[in-house]
Amino acid sequence: MFGSLTRFENSLFDEFWRLQQQMDELFGGGTGGIRSLPRGSFPAINVGHTPEKVDVYLFAPGIDPKQLDIAIQQSLLTIAGKRDIPISEKAAYYRQERFSGEFRRVISLPEDVDPERVEAKYRDGIVQITVHRRESAKPRQIEIH
Amino acid sequence: MATNTSVAERDSRRSTAQRSAQTAESAIRPPVDIFEDGDGITLLADMAGVSKERLNLRVDGNSLVLEGDMQFELPQQAEALYADVHATRYRRSFALSRELEADKIEANLKDGVLTVRIPKRAALRPRKIEVRG
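Computed from a predicted model, the values in this text were never measured in an experiment.

## Comments concerning the overall build of chain A
- For chain A, the count of helices and strands is 1 helix and 8 strands.
- Counting from the amino terminus, chain A carries its helices and strands in the arrangement α-β-β-β-β-β-β-β-β.
- For chain A, with 145 residues in total, the buried portion stands at 26%.
- Excluding contacts between residues fewer than 6 apart, the proportion of contacts in chain A whose partners are at least 24 apart in sequence is 55%.

Written out as C-alpha cells, the structure is:
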C-alpha cells in the first residue's frame, strides 16, 4: 500500500523525504518519536520550518474546523477532533477506507517556538498551523567593528 | 453483493506496471468509500489540498480516473522537520461497468473530499415486483 510513497518525485517533498531519511540515520536507524503514530494514521502531518516560523500541515479533509481542538503547551502541539462519516443504511458498501471517528495527534515542535503567536487556517481539507519562533532564536549576523 | 461488483478496482498489478514503466513519478492513492443503492454508485475520496482547478476527474475508456494535485503554502526556504506525506499528486482509477451511465456522472469537491455519483441506467434499476393475490 505504501509502495508508491517510496518513489521520489521532483518536488519539495523529496526534500522532506530525504531529510527524514537523514534524520532517521542520525537518530539511530529509524527510531521514531515517542509520540509518532504508525503510517497511515489520520490525519497525516507534515511539518516544515524556517528561521521565522514552524508550519504544521494536517491533511484532514472533510472535517469541520470549528470542531478541531488545537492546543499548544510550550513546544508541544496537540490536535484533537473527530470526523464523522455517516453510513448509508440502505446502501451496500464495497469499500470503507476513509477514516471515521475521533483522532488526536501530539507533535513536539522546536524549543524556540512562541506559544503566544499561533495562527491556523483551513483550506481544501488542509489545516495549516503557523507557530512563530522567538526573535532570539533567529540567526543573527554579527558584525565585526 | 459480491457478484454485482459494479466498480471493480483496477489499479493493482496493471497500473503498478504502468507506473514503473513511466517515469518514477509517485502518487498518493486516495482512500475511498464506495457504496451502491438502487439508483447508482457513490464514491467518496479523500484528496486533501486539491482545489477544483487542480482536480482532473475523467472517464477514460471504461475507467473512471481520479487525479489531483495538492497545493498549499510552503515558504520558499522551508526545511522539513517531519513528513507523513511525500508526494503532491493523487491518482487512482476504477473500471466502470456497462450498466452505469458514464456520461451522467456528477461530482462535487468540498474541503478536500471528492464525491462522485454514478447513476445506473434506468432500465437496469431494480424494480419491485408486486405479487398479486
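## Concerning unusual backbone geometry
- In this structure, A:Pro43 follows A:Phe42 across a cis peptide bond, with omega equal to -10°.
- Here A:Pro43 is to be found in the loop between helix 1 (12-26) and strand 1 (44-49).
- Residue A:Asp124 is not a glycine yet carries a positive backbone phi of 50°.
- Here A:Asp124 lies in the loop between strand 7 (113-123) and strand 8 (126-133).
- Taking the C-beta count within 10 Å as the criterion, A:Asp124 has 22 such neighbours and is therefore assigned buried.
- One non-glycine residue with positive phi stands out, namely B:Asp111, at about 50°.
- Position of B:Asp111 relative to the elements: it lies in the loop between strand 8 (106-110) and strand 9 (113-119).

## Details of the confidence of the model for chain A
Residue and element names in this part refer to chain A.
- Within chain A, residue pLDDT values average 81, and 70% of them lie at 70 or more.
- Between residues 1-9, whose pLDDT stays under 50, and residues either more than four places distant or in other chains, the model counts 18 contacts.
- Contacts from residues 26-30, a stretch scored under 50 in pLDDT, to residues over four places away or in other chains number 2 contacts.

Each value, and the rule that gives it
- Residues numbered from 1 in each chain as written.
- Chains lettered and ligands numbered in written order.
- Predicted model: local features only at pLDDT ≥ 70, side-chain atom pairs only at ≥ 80, totals over all residues.
- Helix = DSSP H or I, 4+ residues; strand = E, 2+ residues; numbered from the N terminus.
- Buried ≥ 20, exposed ≤ 12 C-beta atoms within 10 Å, placed from the backbone.
- Contact = placed C-beta atoms within 7 Å.
- pLDDT = per-residue confidence, 0-100.

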